Amino acid sequence: MQSVPPIPANGSAMERLRDRVDQIAREFLRADPVNTAAAPCALADRFAETRIPAGALGIDEYLDRLRDDVVAHAPRTSSPLYIGHMTTALPWFVRPLAELVAVMNQNLVKIETSKSFTLCERQTLAMMHRLVYGAGDEFYGRHAQNGDSTLGAVTSGGTLANLTALWCARNAALGPSGTFPGVDEAGVAAALRHHGCTDAVIVGSELMHYSIAKAADLLGIGARNTLRVRVDAECRADLGELRRVVDECRRNRRRIVAIVGVAGTTDAGSIDPLREMAALARSVGCHFHVDAAWGGALLLSRTHRGRLAGIEQADSVTIDGHKQLLSPIGTGLVLFRDPGLARTIEKRARYILRRGTWDLGKRSVEGSRSAAILFLHAALHILGTDGFEQMVDGNLRRTAYMAARIGERPEFELLTRPQMNILLYRALPPAFTRTPGVGDGERLNVFNVRLQKEQRRRGRSFVSRTSLERGPDGAAVVALRAVLANPLTADAHIDGVLDEQAAIAAGLPS
Ligand SMILES: *Cc1c(COP(=O)(O)O)cnc(C)c1O
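Please read these numbers as outputs of a predicted model, since none were measured by experiment. Think of each chain on its own: its residues are numbered from 1, step by step along the sequence as written. The predicted nature of this model means local features are confined to residues of pLDDT at least 70 and side-chain atom pairs, given and counted, to a pLDDT of 80 or more, with totals for whole chains, interfaces and linings taken over all residues. Think of the side-chain values as coming from all heavy atoms in the structure, minus any hydrogens and water.

A. Focus on the sheet that holds strand β10 (residues 464–468). The antiparallel open sheet is built from four strands, whose spatial order is β8-β9-β11-β10. The open sheet has two edge strands, β8 (412–414) and β10, and neither has a second partner. Averaged over all neighbouring strand pairs, the angle between strand axes comes to 45 degrees, with direction disregarded. We treat two strands as partners when DSSP finds at least two bridges between them. Only runs of H or I of at least four residues qualify as helices and only runs of E of at least two qualify as strands under DSSP, and these elements are numbered from the N terminus. When β8 meets strand β9 (residues 422–427), the two strands line up antiparallel, connected through three bridges. Its bridge partner lying in β9, F412 is registered against A427. The contact definition used throughout considers only heavy atoms, calling two residues in contact when any of these lie within 4.5 Å. Here an axis means a line fitted to C-alpha atoms, over the contact stretch when the element is a helix, while the angle between two N-to-C directions is reported on a 0 to 180 degree scale. Taken strand by strand, helix α15 (residues 441–458) contacts β9, β10 and β11 (477–483), and its axis lies near 35 degrees from that of β11. On top of the sheet, helix α16 (residues 491–507) reaches β8, β9 and β11; it is set at about 125 degrees to β8, its chief contact.

The structure is reproduced here in structure tokens:
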């Protein structure tokens, strides 16, 4: 048994530990394999011990276990050949900054535990607010560093950002009036009664992220009251359907808490018609939320930002730092057009969060929160809009490259025209012609599921899969899903991924 180094560790012990961790990290950051073949259940007995060890484990022995049992079997999400999910490589400066964030252990819940970091977080929110809404110097001079103004909130991710936005929307839609204290005080049942509504709903497309249903559940709206209208062939919310559902809700006195537009759906990267949805929300006087967790990064490209036109009319916008803004997992944002909106969720406590306070915790879901905002603050400064623009443009160019290759190869079929850096396609087994016949759908689906699983098992490269409610022949279709967000993914990697899929497909029985 070794003794645990005291805190702070003496210099040489710390250096040795750093070297070892560095070695483990370097080994992890190789390009391949992207996955080991071991299934989770096959690894489970390495993690079966449920008693906390009585005696301290030496740090070397612990690191050995960490390396062999945990790190060795973690997917290499940073690999240029891992193009299946929204989690990807991080810039070099994240590693040393992560140590600073951990060492300083600031708590953003209140000013007394984070003074300058609170200001730094507010500044970052203001920069992102300006990127979305483009208000003027006078506006930001008044609100950016004003403890009573909330331009946005930092959360652990898009899920809590969406929840925060819809929490504000619900409290505004069912707010205080006369002697009624508001839904936050009185609860949903009393609020609906007071406002004369039968229930409350959230309206969007069937491709809304499932975090919207979680929010509806948590907010007492009910998950089934997220009304999901169908999408068109390009995976965008169908406007006619949307208008019809909104009309029907109003006729039946169902209170619309929010209309939700998605800018970059998780499934397909499609962008809802934001301008038209904003106009619809305005015409019925309800909150318009845009979930740009994935697609918000497009705002940093002069070439592509026009695709999000209408986002500046949203009452609230979600953008994930850890999706496309080069921040590690644990960084989400919600932005509010009106700096006073978040007063609808304000809570106080006697020992902190007092009236007039700057404490960020008074208007947030979470309590204690890390200084994770530093990663986004750093990325925005170190890369600048020029650096981000290069990255975004590069990712969209890579997507166009992959779409073109898929279009040329008879073994594949593109399923939707990409609007961002996510591609949906499928493999056609050699037995099929270029255009599969009606009735081949289910066989093709089974074939593509097996292909995706086999590629994952082999571990050389990775794409994910999803399904579309309505494919080319009108029935549900399994799609291979490529997410092109890694600046290190070169055209040759893309060719390699397709070659591997073609080879696997050729060997699978169709
Ligand atoms: C990823 C994603 C979310 C959820 O974000 P988390 O950071 O995973 O909580 C919400 N909406 C969309 C469109 C997303 O892509």
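The structure having been displayed, the exposition proceeds.
B. Molecular detail of the site of the ligand. The cutoff for a nearby residue is simple: one of its non-hydrogen atoms must lie within 4 Å of the molecule or strand. T159, D291, D320, H322 and K323 are the nearest of the 15 residues found near the ligand. Under the rule applied, a polar contact is a pair of N or O atoms within 3.5 Å (in protein, one hydrogen donor and one hydrogen acceptor; residues adjacent in sequence only if both atoms are side-chain atoms). In the model, an oxygen atom of the ligand is placed 2.6 Å from a nitrogen or oxygen of the T159 side chain. Between the ligand and the protein, one listed contact pairs a nitrogen atom with a side-chain N or O atom of D291 at 2.6 Å. Computed with the Shrake-Rupley method and a 1.4 Å probe, the accessible areas treat only the protein chains shown as cover for residues. Contact with the protein chains removes 87% of the 380 Å² of surface that the ligand exposes when unbound. It is helix α7 (residues 158–173) that provides the largest number of residues to the shell around the ligand, a total of three residues. Residue composition of the shell around the ligand, grouped by class: three nonpolar, nine polar and three charged. Each residue is assigned to one of three groups, with Ala, Val, Leu, Ile, Met, Phe, Trp, Tyr, Cys and Pro labelled nonpolar, Asp, Glu, Lys and Arg labelled charged, and all others, Gly among them, labelled polar.

C. Structural context of unusual backbone geometry. Phi at N105 takes a positive value of approximately 45 degrees, unusual for a residue other than glycine. Structurally, N105 is set in the loop between α4 (94–104) and α5 (115–133). The backbone phi angle of R253 is positive, close to 50 degrees, even though this residue is not glycine. Counting through the fold element by element, R253 comes out in the loop between α11 (239–251) and β4 (254–262). The cut-offs for exposure are 20% and 50% of the maximum accessible area for each residue type, with area from a 1.4 Å probe on protein chains only; residues under the lower value are buried, those over the upper are exposed, and the others partly exposed. Under the relative-accessibility criterion, R253 is labelled exposed at 53%.

D. Geometry of the pattern of salt bridges. When a carboxyl oxygen of Asp or Glu is within 4 Å of a side-chain nitrogen of Lys or Arg, the pair counts as a salt bridge. Counted by the stated rule, this structure contains 36 salt bridges. Across the pair D199 and R254 runs a salt bridge whose closest N-O atoms are separated by 2.9 Å. Here R254 lies in strand β4 and D199 lies in strand β2 (residues 199–205), a separation of 55 residues in the sequence. In this structure, R460 engages E500 in a salt bridge whose closest nitrogen and oxygen atoms are separated by 3.6 Å. Of the two residues, R460 sits in the loop between α15 and β10 while E500 sits in helix α16, which places them 40 residues apart along the sequence. Residue class for R460 comes out partly exposed when judged on its relative accessible area of 48%. Among the residues examined, E500 registers a relative accessible area of 8% and is labelled buried. If you follow the salt bridges from partner to partner, you end up with R16, R20, D60, D64, R67 and D68 in one network.

E. Just the packing of helix α14 (residues 373–408) against α16, in detail. At a minimum axis distance of 10 Å, the contact between α14 and α16 shows a crossing angle of 35 degrees. Classified by chirality, the crossing of α16 by α14 is right-handed. Here R397, R398, Y401, M402, R405 and I406 of α14 come into contact with α16, specifically with D491, I494, D495 and L498. Grouping the constituent residues of the contact of α14 with α16 by class yields five nonpolar, no polar and five charged. Left-handed describes a crossing whose near helix is turned anticlockwise from the far helix through less than a right angle; right-handed describes the clockwise counterpart.

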